[in-house]
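For reference, the chains in residue letters:
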Amino acid sequence: MEDTPNKPDETPRDYKIMALLLQSHGIEDCDPGVINQLLEFSHRYTVDVLQDALVYAEHAKKSDIDLEDVRLAIQGRVNYSFTSPPEKEFLLELAEERNKHPLPLIPEKYGVRLPPEKYTLTGVNFHIVPEQRTQSSGASGSKPATGNAGTNAP
């Protein structure tokens, strides 16, 4: 694992500790950006937990944060930040429901099969000339709003 962002003597202590944590979990080689991302996540999580703990301590009219405030803040974060995946039985039911319907048959034509243009990223999804709206009888004689306020667009 490359454990130096620049030079060995300039490697931050937190970077080395994160690299050692990854190695202790069997990750021998990874991109240096992964370690930086993990450091960013752990810093942000720690700051958020301590800010929540400070709010809890202030609510309890305490001058300092204690262990119970931190525990409560961590429990609050776990309840809404981290979610568990759906149960296996639920996923199997969804897969069974989805797989009840057969896939459509592939047409017998040659060449590259592309989806219809409206489903592609390169398809035209705008109109250069906006469609003219027809005015119903009894409506005012003004033109419909076009979004170009203050201009004399046709």
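As shown above, the structure is provided for reference.
Quantities reported herein were computed from a predicted structural model and do not represent experimental measurements. (Residues numbered from 1 in each chain as written. Predicted model: local features only at pLDDT ≥ 70, side-chain atom pairs only at ≥ 80, totals over all residues. Heavy atoms only, no water.)

1. Quick notes on the overall build of the protein chain
Short version of the rule: Helix and strand definitions here come from DSSP, where helices need a minimum of 4 consecutive H or I residues and strands a minimum of 2 consecutive E residues; each element is numbered from the N-terminal end. With a 1.4 Å probe rolled over the protein chains alone, any residue whose accessible area is under 20% of its type maximum counts as buried; one over 50% counts as exposed, and the rest are partly exposed. Between two residues, a contact is recorded if the distance between any of their heavy atoms is within 4.5 Å. Each accessible area is a Shrake-Rupley estimate made with a 1.4 Å probe; only the visible protein chains count as cover when residues are assessed.
Assigned secondary structure in the protein chain consists of four helices and zero strands. Along the protein chain, from the amino end to the carboxyl end, the secondary structure elements read α-α-α-α. Each of the 154 residues in the protein chain was classed as buried or not, and the buried ones make up 10%. Excluding contacts between residues fewer than 6 apart, the proportion of contacts in the protein chain whose partners are at least 24 apart in sequence is 29%. Of the roughly 14200 Å² that the protein chain leaves accessible, carbon and sulfur atoms contribute 57%.

2. Let's talk about the pattern of salt bridges
This is how it is decided: Salt bridges, as used here, are contacts in which a Lys or Arg side-chain nitrogen is within 4 Å of a carboxyl oxygen on Asp or Glu.
For the structure shown, the criterion picks out six salt bridges. A salt bridge links D66 to K62; the shortest N-O distance between them is 3.1 Å. For D66, a relative accessible area of 32% translates into the label partly exposed. A single network of salt bridges, built from pairs that share partners, joins K62, D66 and D69.

3. Let's talk about helix 3 (residues 67-81)
Let me state the cut-off plainly: The span expected for a helix works out to 1.5 Å for each residue beyond the first. Directions drawn from the helix axis to the C-beta atoms are what define this arc.
Taking 1.5 Å per residue as the helical rise, helix 3 with its 15 residues ought to reach 21 Å, and the 21 Å between its terminal C-alpha atoms agrees with that figure. Among all positions of helix 3, only D69, A73 and R77 are buried. Down the axis of helix 3, the buried set is contained in an arc of 70°. They therefore lie on one face. Pointing more than 90 degrees away from the buried face of helix 3 are the exposed residues L67 and N79.

4. Some words on helix 2 (residues 32-59)
Residue pairs three or four apart in sequence face the same way in an α-helix, which turns once every 3.6 residues. Cut-off, in case you're wondering: N or O atoms closer than or at 3.5 Å make up a polar contact, with two conditions inside protein: a donor-capable atom paired with an acceptor-capable one, and, for residues adjacent in sequence, both atoms drawn from side chains.
A rise of 1.5 Å per residue sets the reference length of helix 2, with its 28 residues, at 40 Å; its end C-alpha atoms lie 41 Å apart and thus fit the reference within 8%. Turning to helix 2, its buried residues are I35, V49, A53 and A57. If you follow the buried residues of helix 2, they end up packed against helix 1 (13-24) and helix 3. For helix 2, the N-terminal cap is D31; the gap from its side-chain oxygen to the backbone nitrogen of G33 is 3.1 Å.

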